[in-house]
Amino acid sequence: MSKIRNFLEQYLTRKIGAEIKCCLTFLLILCFYCVYRLVNGFTDAGILHMFGMVWAAYILEWVQVLIHCDFDEVDRLGLKEWLMIICGSAVYAATGHFLGWFDGNIPVVLGFGAYMIICYLCTFWVYAIKRSIDAKMLNSDLKKFQEREKSL
């Protein structure tokens, strides 16, 4: 029974983490797309474009999770992580180009690829800060627990 529970806990932890990354990635793509649309004089966004963005984010984030490329969970960016950042950004840029998010404008597609690299790096940085804060809180809780145990 404990093996099943452990498996389910690990599965849910990975699933929740991947879902959060998918949503964050979709939001970041959508922000770039909306700014692009506004700059070009449009105040609407294409539902089919957004549908493609959701699926692109969902598929790529799950592929990265399934091949254990959770670059945001590492302490430093090595060659493997940099390759995933660059390849992931290139896949998003190519997807945006082929799905017509940026009307075939190659400089904008290249800018979007660079933007996605920056987004990956910011995500890595935010997760590193979160891990640091979590570690401090856990150490503080441990210290309080040890002090309470001594006083009993």
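Before reading on, note that the structure itself is shown above.
Residues numbered from 1 in each chain as written. Predicted model: local features only at pLDDT ≥ 70, side-chain atom pairs only at ≥ 80, totals over all residues. Heavy atoms only, no water.

On a plain count of helices and strands, the chain comes out with four helices and zero strands. Element order for the chain, N to C, with α for helix and β for strand: α-α-α-α. Against the globule reference of 15 Å for 152 residues, the chain gives a C-alpha radius of gyration of 20 Å, more extended than a compact globule. Dimensions of the chain along its principal axes, counting C-alpha atoms only, are 70 × 35 × 35 Å. Sequence separation of at least 24 residues holds for 73% of the intrachain contacts in the chain that already meet a minimum separation of 6. Just so you have it, the chain exposes about 10300 Å², and 72% of that area is on carbon and sulfur atoms. (Helix = DSSP H or I, 4+ residues; strand = E, 2+ residues; numbered from the N terminus. Rg over C-alpha atoms; globule rule 2.2 N^0.38 Å. Contact = heavy atoms within 4.5 Å. Areas by Shrake-Rupley, 256 points an atom, 1.4 Å probe, with all protein chains shown as cover.)

This part takes up the packing of helix H1 (residues 2–39) against helix H4 (residues 106–151). Packed helices, taken two at a time, are described by the angle their axes make and the gap between the axes. The geometry of H1 relative to H4 is characterised by a closest axis approach of 11 Å and an angle of 140° between their N-to-C directions. Two packed elements cross with a definite hand, and for H1 against H4 that hand is right-handed. Where H1 approaches H4, its residues Ile20, Lys21, Leu24, Thr25, Leu28, Ile29, Cys31, Phe32 and Tyr36 are matched on the opposing element by Val108, Gly111, Phe112, Tyr115, Met116, Cys119, Thr123 and Tyr127. A per-class count over the contact of H1 with H4 returns 13 nonpolar, three polar and one charged. (Axes fitted to C-alpha atoms, helices over the stretch in contact; angles between N-to-C directions. Left-handed = near helix turned anticlockwise from the far one by under 90°. Nonpolar A, V, L, I, M, F, W, Y, C, P; charged D, E, K, R; others polar.)

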